[in-house]
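A structural walkthrough
Okay, here's what each chain looks like letter by letter:
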Amino acid sequence: LCPQVPELEKATVRIRQPERVRGIIRSLREQGVAKLQVISDFDMTLSRFGCNGKRCPTSYNILDTSRVISEDSKKKLKDLLHYYYPIEIDPNRTLEEKRPLMVEWWTRAHELLTQQKIRKDDIAQIVRESEAMLRDGFKEFFDQLHKNNIPLFIFSAGIGNILEEIIRQANVFYSNINVVSNYMDFNDEGVLTRFKEPLIHTYNKNNTVLQGTEYFQQLSKRTNIILLGDSMGDLTMADGISSVENILKIGFLNDKVEEQRGKYLEAYDIVLENDETLDVVNGILRYILTE
């Protein structure tokens, strides 16, 4: 496909239009680093989906299953997950059907979490005790972007305080990173009282929650984008950018691979099936960034 990016030959890689992908990668390299930005989801995209046959936690799971949540609430949160998650990934439901149900899920989960009197000071310990894992190759990914002053915009329907702490504990929370996510709001005593607006769920990661963010205006010259996601909702993350020249969409297909493959191949330029690494992304970046 692209001899300069041998990672694209990995068995986990699927591409529907190789010619087109080759063209985009070539343009990204030719137009140079000053025009590039990376927009990425967090849970199950930068963080791992599984390890040794076991599911890795999302930023919500980390909190939901931690010692600061009562047993009763843990059960309620699990019930919500078992009810709403199948809806979230159901290939036969439309986005119109899913959106109000996702708002319902997030809202109910936030209400339960807010009742737990979670302390700001506990967050670092909660993350430390969790089984959170970033994908293999994360260090090279974060380091390359930082070293070359490439902005990394993390757009997540998870919990901002938790995911920031994961990145911080991995020692890669650099100044080029900007996060939009669901943030907890703590009172003067450092106790969680609510979640800040706007609510971000899987299917509204677009302009509606980015209204007025100066972030993309400041980056108006960064018209080339590498977008990383793991769901159909992630495809709209770049909608806040006024003029996009080239966009390379890389999708991690983690779950229900056979059922979802067709849809992912239509939506994403490169699909990575059951791939727990950032190898392909790093390979592409390496090629774009080498003189």
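Residues numbered from 1 in each chain as written. Predicted model: local features only at pLDDT ≥ 70, side-chain atom pairs only at ≥ 80, totals over all residues. Heavy atoms only, no water.

Comments concerning the overall build of the protein chain
Applied cut-off: A helix here means a DSSP run of H or I that spans at least four residues, while a strand means a run of E at least two residues long, and both kinds are numbered starting from the N terminus. Note on classification: 1.4 Å probe, protein chains only; a residue is buried when its accessible area is under 20% of the maximum for its type, exposed when over 50%, partly exposed between these limits. All accessibility values rest on the Shrake-Rupley procedure with a 1.4 Å probe; residue burial counts only the protein chains present in the view. Only four residue types enter the charge count: Lys and Arg as positive, Asp and Glu as negative, with His and the chain ends excluded. Charged groups are reduced to one reference atom each: NZ for lysine, CZ for arginine, CG for aspartic acid, CD for glutamic acid.
Across its full length, the protein chain holds 11 helices and 11 strands. For the protein chain, the spread of C-alpha atoms along the three principal axes comes to 55 × 40 × 35 Å. Within the protein chain, buried positions represent 56% of all 291 residues. With an accessible surface of roughly 13500 Å², the protein chain has 48% of that area assigned to carbon and sulfur atoms. Across the protein chain, 38 positive and 44 negative side-chain charges occur, with their mean positions spaced 1 Å apart.

Side note on the packing of aromatic side chains
The geometry of an aromatic ring pair is captured by the separation of the ring centres together with the interplanar angle, meaning the angle of the planes. Basically, it comes down to this: Stacked, edge-to-face and tilted are the three classes for Phe, Tyr and Trp ring pairs, Trp counted by its six-membered ring, which pair at centre distances within 6.5 Å; planes under 30 degrees apart are stacked, over 60 edge-to-face, the rest tilted. Lysine and arginine charges are scored as sitting over a ring when NZ or CZ, respectively, is within 6 Å of the ring centre and within 35 degrees of the ring normal.
The full count for this structure, using the stated rule, is 10 aromatic pairs. Aromatic side chains Y83 and Y84 sit 4.7 Å apart centroid to centroid with 90° between the ring planes, which places their arrangement in the edge-to-face category. Judged by centre distance (5.3 Å) and plane angle (65°), the ring pair of Y215 and F216 falls under edge-to-face. Just as Y215 is buried, F216 falls in that class too. Taken together, the aromatic side chains of Y60, Y83, Y84, W105 and W106 make up a single cluster linked through ring pairs. The positively charged end of R135 is found above the aromatic ring belonging to F252, 3.9 Å away from the centroid.

A short note on the domain arrangement of the protein chain
The criterion, for reference: Where each domain starts and ends comes from a domain assignment, either automatic or drawn from a database. Any two residues having at least one pair of non-hydrogen atoms within 4.5 Å are treated as being in contact. Buried area adds together the accessible area that both of two parts lose upon being put together, with accessible area traced by a 1.4 Å probe. Counted as salt bridges are all cases of a side-chain nitrogen of Lys or Arg within 4 Å of a carboxyl oxygen of Asp or Glu.
Per the domain assignment, the segments of the protein chain are domain 1 (6-51 + 133-289) and domain 2 (54-129). Here domain 1 and domain 2 have C-alpha centroids that lie 21 Å from each other. If you look at the interface, domain 1 gives 35 residues, while domain 2 gives 31 residues. Across the domain 1/domain 2 interface, buried area totals approximately 3000 Å², and carbon plus sulfur atoms make up 65% of it. Run the count over domain 1 and domain 2 and you get zero salt bridges.

Description of the pattern of salt bridges
Where side chains of opposite charge bring their charged atoms close, a pairing between them can arise. Taken as a whole and judged by the stated rule, the model has 26 salt bridges. A salt bridge links R168 to E165, with the shortest nitrogen-to-oxygen separation between them at 3.2 Å. Within this pair, R168 and its partner E165 are both found in helix α7 (residues 160-169), separated by three residues, close to a single helical turn. With its nearest N and O atoms 2.8 Å apart, the salt bridge here joins R194 to D185. Judged by its relative accessible area of 18%, D185 falls in the buried class.

Re the packing of helix α3 (residues 71-88) against helix α4 (residues 95-114)
The line we're drawing: Here an angle of 0 to 180 degrees is reported between the N-to-C directions of two axes, which are lines fitted to C-alpha atoms, with helices fitted over the stretch in contact. Comment on the angle field: the value is read as roughly parallel under 35 degrees, roughly antiparallel over 145, roughly perpendicular from 65 to 115, and oblique elsewhere. For any helix crossing, the convention is left-handed if the near helix is rotated counterclockwise from the far helix by under a right angle, and right-handed if that rotation is clockwise. Amino acids outside the nonpolar list (Ala, Val, Leu, Ile, Met, Phe, Trp, Tyr, Cys, Pro) and the charged list (Asp, Glu, Lys, Arg) are all regarded as polar, and Gly is one of them.
Contact geometry for α3 and α4: axes closest at 10 Å, N-to-C directions at 170°. Classified by the angle between their axes, α3 and α4 sit roughly antiparallel to one another. The handedness of the crossing between α3 and α4 comes out as left-handed. Mapping the contact onto sequence places S73, K76, L77, L80, L81, Y84, Y85, I87 and E88 in α3 and K98, L101, M102, E104, W105, R108, A109, L112 and L113 in α4. Its residues assigned to classes, the contact of α3 with α4 comprises 12 nonpolar, one polar and five charged.

What about the nonpolar core?
A general feature of soluble globular proteins is that nonpolar side chains tend to end up buried together. Counted only if it meets this: Here the nonpolar core consists of buried residues drawn from Ala, Val, Leu, Ile, Met, Phe, Trp, Tyr and Cys, with membership extended through side-chain atoms lying within 4.5 Å.
Counting 93 residues, the largest nonpolar core has F141, F142, I226 and I284 as the members making the most contacts within it. Residues lining this core come from more than one domain, with at least three contributed by each of domain 1 (6-51 + 133-289) and domain 2 (54-129). Leaving out residues up to four positions away in the same chain, I226 has contacts with L28, L36, Q37, V38, I39, L248, I250, I284, L285 and I288.

Considering the packing of helix α1 (residues 18-31) against helix α11 (residues 279-289)
Helix-helix packing is characterised by the crossing angle of the two axes and by the distance between the axes. Between α1 and α11, the shortest axis-to-axis distance is 8 Å and the interhelical angle comes to 45°. Overall, the two elements α1 and α11 adopt an arrangement that is oblique. The residues of α11 that touch α1, namely those facing I25, L28 and R29, are I284, Y287 and I288. Considered class by class, the residues forming the contact of α1 with α11 number five nonpolar, no polar and one charged.

A word on helix α10 (residues 257-267)
The cut-off we apply is this: Read the arc as the range of directions from the helix axis to the C-beta atoms.
By the burial criterion, the buried members of α10 are V257, Q260, R261, Y264 and L265. All buried residues of α10 project into a common sector of 145° when viewed along the axis, lining one side. For α10, the exposed residues lying more than 90 degrees away from the buried face are E259 and E266. Where α10 is buried, its residues contact β1 (13-14), β10 (246-253) and β11 (270-273).

Section: the side chain of N246
For clarity, the cut-off: Under this definition, polar contacts are N or O atom pairs within 3.5 Å; protein pairs additionally need one hydrogen-donor-capable and one acceptor-capable atom, and for neighbouring residues in sequence, both atoms have to be side-chain atoms.
Structurally, the position occupied by N246 is in strand β10. Residue N246 is classed as buried on the basis of its relative accessible area, which comes to 13%. Engagement of the side chain of N246 in a polar contact is seen with the side chain of N224, the distance being 3.0 Å. Residues within four places of N246 in sequence aside, it is in contact with I24, S27, L28, Q31, T223, N224 and I225.

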